[in-house]
Amino acid sequence: MSPVGVRGSVSTATEHDQETETSNSSWIAGLVGGISGSVIMGAAVLAMNTPTLAVAIPSLYGLAPPPNPVVGLGVHLVHGAVLGVVFAGIVGALALDSPGRVVGAGLAWGAATWVLLAALVMPVWLGIVGSPASPPFPNFAVPSLLWHLIYGLVLGGVYLGVESRL
């Protein structure tokens, strides 16, 4: 092999390693941010409306009734983790580079998940599975908006902190 071929393959490997490292740090930051946001949001939900976590969320998967806030919180953490990774993809696709924009995107993501998932998808899904906690459609409940904004704010902040350390 010629020296040019060796250099080209080393350069390509280095570029690939840097891309992989960047994407890994981004999705890990999204995962940690999503879980963190879900924990804080879950605490707010438990304080303000326990049946949402104890019945509605586990009912999505046939895990309630009976009410079980621990199972509901577990399901909620998984949802938050997945949505955090999606958020990381959005931040990367939009090339958001300032803390204010990332936190703003977190708040916007929290509002979007409220509209799409909590207000529109969740009532339909709970109706289909026959949950006793099925809300009306659409369900634009203000407390739920607050909870989702808390999620987004924490997600954006933690994402920034974790991503900058990786």
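Note: the structure precedes this text.
Residues numbered from 1 in each chain as written. Predicted model: local features only at pLDDT ≥ 70, side-chain atom pairs only at ≥ 80, totals over all residues. Heavy atoms only, no water.

(A) Layout of the overall build of the protein. Regarding its fold elements, the protein presents 5 helices and 0 strands. In sequence order, the secondary structure elements of the protein are arranged as α-α-α-α-α. Expressed as a percentage of its 166 residues, the buried residues of the protein come to 33%. Contacts in the protein between residues at least 24 apart in sequence constitute 67% of all its contacts with a sequence separation of at least 6. Element-wise, carbon and sulfur atoms account for 72% of the exposed surface of the protein, whose accessible area totals about 8800 Å². (Helix = DSSP H or I, 4+ residues; strand = E, 2+ residues; numbered from the N terminus. Buried < 20%, exposed > 50% of the residue type's maximum accessible area, 1.4 Å probe, protein only. Contact = heavy atoms within 4.5 Å. Areas by Shrake-Rupley, 256 points an atom, 1.4 Å probe, with all protein chains shown as cover.)

(B) Examining the packing of aromatic side chains more closely. Applying the stated criterion across every chain yields a total of 3 aromatic pairs. Ring plane angle 70° and centroid distance 5.5 Å describe the contact between Trp114 and Phe140, whose orientation is recorded as edge-to-face. Of this pair, Trp114 sits in helix 4 (residues 99-129) while Phe140 sits in the loop between helix 4 and helix 5 (142-165), and the two are 26 residues apart along the sequence. With relative accessibility at 11%, the residue Trp114 sits in the buried group. Given the relative accessible area of 41%, Phe140 is considered partly exposed. (Phe/Tyr/Trp six-rings, centres within 6.5 Å; stacked < 30°, edge-to-face > 60°.)

(C) Examining the nonpolar core more closely. If you look at the biggest cluster of nonpolar residues, it comprises 23 residues, and the most contacted ones within it are Phe87, Trp109, Met122, Tyr151 and Tyr159. Listed by contribution, the elements that provide at least two residues to this core are helix 1 (3-48), helix 2 (50-59), helix 3 (69-94), helix 4 and helix 5. Those residues in contact with Trp109 that sit more than four places away from it in its chain are Leu83, Val86, Phe87, Ile90, Tyr151 and Leu155. (Core = buried A, V, L, I, M, F, W, Y, C linked by side-chain atoms within 4.5 Å.)

(D) View of the environment of Pro132. For Pro132, the position within the fold is in the loop between helix 4 and helix 5. As for Pro132 and Ser59, which are separated by 73 residues in sequence, their C-alpha atoms are 8.3 Å apart. Not counting residues up to four positions away in its chain, the partners in contact with Pro132 are Val55, Ser59 and Pro65.

(E) Fine view of helix 5. If you check helix 5, its first and last C-alpha atoms are 35 Å apart, about what 24 residues at 1.5 Å a residue would give, namely 34 Å. Every buried residue of helix 5 is accounted for by Ser144, Trp147, His148, Tyr151, Gly152, Leu155, Gly156, Tyr159 and Val162. (Expected span 1.5 Å × (residues − 1).)

(F) The arrangement of unusual backbone geometry in detail. Cis geometry is adopted by the peptide bond preceding Pro65, which originates at Ala64 and carries an omega value of 0°. Considering the arrangement of structural elements, one finds Pro65 in the loop between helix 2 and helix 3. With an omega of 0°, the peptide bond between Pro65 and Pro66 qualifies as cis. Along the chain, the position of Pro66 falls in the loop between helix 2 and helix 3. Phi at Ala95 takes a positive value of approximately 50°, unusual for a residue other than glycine.

(G) Spotlight on the packing of helix 2 against helix 4. Running from N to C, helix 2 and helix 4 point in directions that differ by 75°, and their axes come no closer than 9 Å. Classified by the interaxial angle, the pair formed by helix 2 and helix 4 is roughly perpendicular. Seen from helix 2, the contacting residues are Ala56, Ile57 and Ser59; seen from helix 4, they are Met122, Leu126 and Val129. The residue makeup of the contact of helix 2 with helix 4, split by class, is 5 nonpolar, 1 polar and no charged. (Axes fitted to C-alpha atoms, helices over the stretch in contact; angles between N-to-C directions. Parallel < 35°, antiparallel > 145°, perpendicular 65-115°, else oblique. Nonpolar A, V, L, I, M, F, W, Y, C, P; charged D, E, K, R; others polar.)

(H) Just helix 3, in detail. For helix 3, with 26 residues, the first-to-last C-alpha span of 36 Å sits near the 38 Å given by 1.5 Å per residue. Among all positions in helix 3, only Gly72, Val75, His76, Gly80, Ala81, Leu83, Gly84, Phe87, Ala88 and Val91 are buried. For helix 3, the N-terminal cap is Asn68; the gap from its side-chain oxygen to the backbone nitrogen of Val70 is 3.2 Å. Just downstream of helix 3 lies Ala95, where phi reads positive at about 50°. (Polar contact = N/O pair within 3.5 Å; in protein donor to acceptor, adjacent residues only side chain to side chain.)

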